[in-house]
Amino acid sequence: MPKTNHLDRQEIRDAMLNGSGYAVRRHSESTGNYYFYSARKGDYGNIVRTAVPYSVSFSSLLRPDYGFLWIMGTITLVMCVLGYFATRRVGLHISRLNKFAENAENGARISDTEPFPHDELGEISNHIVRLYARLQQAVADRDSEHRAALHEQLEKERIKKQLTNNINHELKTPVASIRVSVETMLAHRNMSEEKQTLFLQRCLTNTERLQRLLTDVSLLTRMDDGSASILKEQVNLTDIINDVVEDRQIIAATKGITIENYISRNIVMSGNQSLLEAVFNNLVDNAIVYSGGTRIKIESISIGNDKIVIALSDNGCGVPSEHLPRLFERFYRIDKGRSRAAGGTGLGLSIVKNAVILHGGDITAENQCSGGLLFKITFSRDSK
C-alpha cells in the first residue's frame, strides 16, 4: 500500500475532473526513479493509473543508427542508379524520336533499319517510323511512276515529232521526182515515146515508194497506239514463216540467194498474223537487198511453253559494229544513198522491233564470226 495519499497527484486530479490525465518525468520516492504517469477514470468511478520508467537516456535516444543509415543510403544509391538507366533509356527514345521528327520535317529519307528497343515506348516508336518509311516509299514510288510516265509521254511526243520531220523529208524526194517528170513531159509534148515511157516509169517507181512509205507509217502509228488496237488470236507461226519464204524465193533467186527454212515443227502462239508476216517479210527483204550474201537461214533456237526464239541469219557482209545499237531506229540508214536507191523507206526494222515488242518479246542483231548478220527474235506464246 502506498505510504502517502496520491489523490493530490496531478494525473489523479486531472482524471477525476476530465476522465484522464498524465504527468511527465516525476520522481518516485519509493523506487527513486523517474516515471511517466498516466491515469484514467473508470466506468464505476475508480481510477486506473500506470507508470512507465525512463530507462533510455535522451542522448541514447537521439544517437543515430549508422547501420540503418548505411542500409538506407545503399537503397537510395541503387534506386538512383536504376532511375538513371530508366530515364536514360526513355531519354534516348525521346532523342531519336526528336531526330526522326526533324528529318521528317526536312523531308530527309527515313529508314527503319535501326529498330528501337523492345519496350512499350520502343514498340510505339518502331510503328511510327515504319509507317512513315512506308508512306515515304509509297510517295517516292508514286513520284517515280509519275516521272516515268512523263518521260514516256515526252519520248512519245519526241518520236512523233521526229517521225513527222522524217516523213516530211522522205516525201520530198519522190514527190520532187514525180513533179519534175510530169513538168518535163508537159513542157516537151513532142518528146519521143521512149523518153515518155522513161519518165512514166520514174513516176510509177516513186509512186510505189510513196505507197510503201505511207503503209509503213500507218503500221507504225497503229502499233504506237498500243496493243489494245491490235487484234490477237491463235496463229501458226510455222505457216506464216513458210508463206513468207515461199513468197520471197523467186525474188531471192534472181539475186543468187537461197532461203533455207529449217522450221518444220508447228509453233502455235497468240499473235497478230499481219504483224508477224511484217516481221519476217522485212527481215528477209532486208537480207535480200542489203546483205550481199548467197544464203538466208531461218531456224528455231528454242521452243518452250512460254518463249519462242527464232534465228534469221545471212552469210553476207554484216553491219559495222558502231551501227548495231541504232539498227532498229526509225529512218536510220547505214548507207542512205544505197538504201534509197534500193527503194527502202527506212522503217522496216523499226516495224520489226515494235511488232516483236507487241508480241511480248525482243529482237537483237549481231555480226557472226563467220560473216553476215544474225537476228534473234523472241516471242511470248501468250502475249496480251
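On a predicted model such as this, the values are computed, not experimentally measured, just so you know.

Thoughts on the overall build of the protein chain
Part 1 of the reasoning: In terms of regular secondary structure, the protein chain is built from nine helices and 10 strands.
Part 2 of the reasoning: Residue burial in the protein chain is summarised as follows: out of 384 residues, 31% are buried.
Part 3 of the reasoning: Of the contacts formed within the protein chain by residues at least 6 apart in sequence, a portion of 60% connects residues at least 24 apart.
Part 4 of the reasoning: Roughly 24,900 Å² of accessible area belongs to the protein chain as shown, and the carbon and sulfur atoms make up 56% of that amount.

Side note on helix α1 (residues 10–18)
Part 1 of the reasoning: Burial in α1 covers these residues: Glu-11, Ile-12 and Ala-15. Take α1 and look down its axis: the buried residues cluster within an arc of 100°, on one side only. Exposed residues lying more than 90 degrees from the buried face of α1 are Leu-17 and Asn-18.
Part 2 of the reasoning: In this structure, the buried residues of α1 make contact with β1 (20–27), β2 (34–41) and β3 (47–53).
Part 3 of the reasoning: Of the residues one or two after α1, Gly-19 is the one with positive phi, at around 100°.

Regarding the packing of helix α6 (residues 237–254) against helix α7 (residues 273–290)
Part 1 of the reasoning: Where α6 meets α7, the closest approach of the two axes is 10 Å, and the angle between their N-to-C directions is 35°. Helix-helix and strand crossings are classified by hand; for α6 and α7 the assignment is right-handed. Two secondary-structure elements touch here, α6 through Leu-237, Ile-240, Ile-241, Val-244, Arg-248, Ile-251 and Ala-252 and α7 through Gln-273, Leu-276, Glu-277, Phe-280, Asn-281, Val-284, Asp-285 and Ile-288.
Part 2 of the reasoning: Tallied by class, the residues present in the contact of α6 with α7 amount to 10 nonpolar, two polar and three charged.

Some thoughts on the packing of aromatic side chains
Part 1 of the reasoning: Under the definition given, this model contains four aromatic pairs.
Part 2 of the reasoning: On the numbers, 6.1 Å between centres and 25° between planes, the contact of Tyr-22 with Phe-36 is stacked. With a gap of 14 residues between them, Tyr-22 in strand β1 and Phe-36 in strand β2 connect regions that are remote in the sequence.
Part 3 of the reasoning: By relative accessible area, which is 53% here, Tyr-22 ends up exposed.
Part 4 of the reasoning: A cation over a ring is seen here: Lys-353 above Phe-328, with NZ or CZ 5.5 Å from the ring centre.

A closer look at the pairing of strand β10 (residues 373–380)
Part 1 of the reasoning: Burial within β10 is extensive, with six of its eight residues counted as buried.
Part 2 of the reasoning: As judged from the seven bridges shared by strand β8 (residues 307–314) and β10, these two strands associate in the antiparallel manner. Each bridged residue has a counterpart across the sheet, and for Ile-308 the counterpart in β10 is Phe-379.
Part 3 of the reasoning: Across six bridges, the pairing between strand β9 (residues 362–367) and β10 is antiparallel. The residue bridging Glu-366 from the neighbouring strand is Leu-374, located in β10.
Part 4 of the reasoning: Count of turn residues in the β9/β10 antiparallel hairpin: five residues, of which Gly-371 carries a positive phi of about 105°.

Section: the side chain of Ser-313
Part 1 of the reasoning: With respect to the helices and strands, the residue Ser-313 is situated in strand β8.
Part 2 of the reasoning: Among all residues touching Ser-313, those that are not within four sequence positions of it are Arg-295, Ile-296, Lys-297, Gln-368, Leu-373 and Leu-374.

Some remarks on the pairing of strand β7 (residues 295–303)
Part 1 of the reasoning: Taken together, the four bridges between strand β5 (residues 258–261) and β7 define a ladder with parallel strand orientation. Directly across from Asn-261, in β7, lies its bridge partner Ile-298.
Part 2 of the reasoning: In the sheet, β7 pairs with β8 via seven bridges, with the strands oriented antiparallel. Across the sheet, Glu-299 pairs through a bridge with Ala-311, a residue of β8.
Part 3 of the reasoning: The turn joining β7 and β8, which pair antiparallel and follow one another in sequence, is formed by three residues.

Concerning the pattern of salt bridges
Part 1 of the reasoning: Taken as a whole and judged by the stated rule, the model has nine salt bridges.
Part 2 of the reasoning: Residue Arg-248 pairs with Asp-285 through a salt bridge whose shortest N-O separation is 2.6 Å. Here Arg-248 is found in helix α6, whereas its partner Asp-285 is found in helix α7, with 37 residues between them in sequence.
Part 3 of the reasoning: Asp-285 sits in the partly exposed class, given a relative accessible area of 27%.
Part 4 of the reasoning: Of the charged contacts, one joins Arg-295 and Glu-260 as a salt bridge, the two residues approaching to 3.8 Å between their closest N and O atoms. Of the two residues, Arg-295 is situated in strand β7 and Glu-260 in strand β5; the sequence distance between them amounts to 35 residues.
Part 5 of the reasoning: Among the charged side chains, a network of salt bridges with common partners joins Asp-247, Arg-248 and Asp-285.

Cut-offs applied
- Residues numbered from 1 in each chain as written.
- Predicted model: local features only at pLDDT ≥ 70, side-chain atom pairs only at ≥ 80, totals over all residues.
- Heavy atoms only, no water.
- Helix = DSSP H or I, 4+ residues; strand = E, 2+ residues; numbered from the N terminus.
- Buried < 20%, exposed > 50% of the residue type's maximum accessible area, 1.4 Å probe, protein only.
- Contact = heavy atoms within 4.5 Å.
- Areas by Shrake-Rupley, 256 points an atom, 1.4 Å probe, with all protein chains shown as cover.
- Arc of directions from axis to C-beta.
- Axes fitted to C-alpha atoms, helices over the stretch in contact; angles between N-to-C directions.
- Left-handed = near helix turned anticlockwise from the far one by under 90°.
- Nonpolar A, V, L, I, M, F, W, Y, C, P; charged D, E, K, R; others polar.
- Phe/Tyr/Trp six-rings, centres within 6.5 Å; stacked < 30°, edge-to-face > 60°.
- Lys NZ or Arg CZ within 6 Å of the ring centre and 35° of its normal.
- Pairing = 2+ DSSP bridges.
- Salt bridge = Lys/Arg side-chain N within 4 Å of Asp/Glu carboxyl O.

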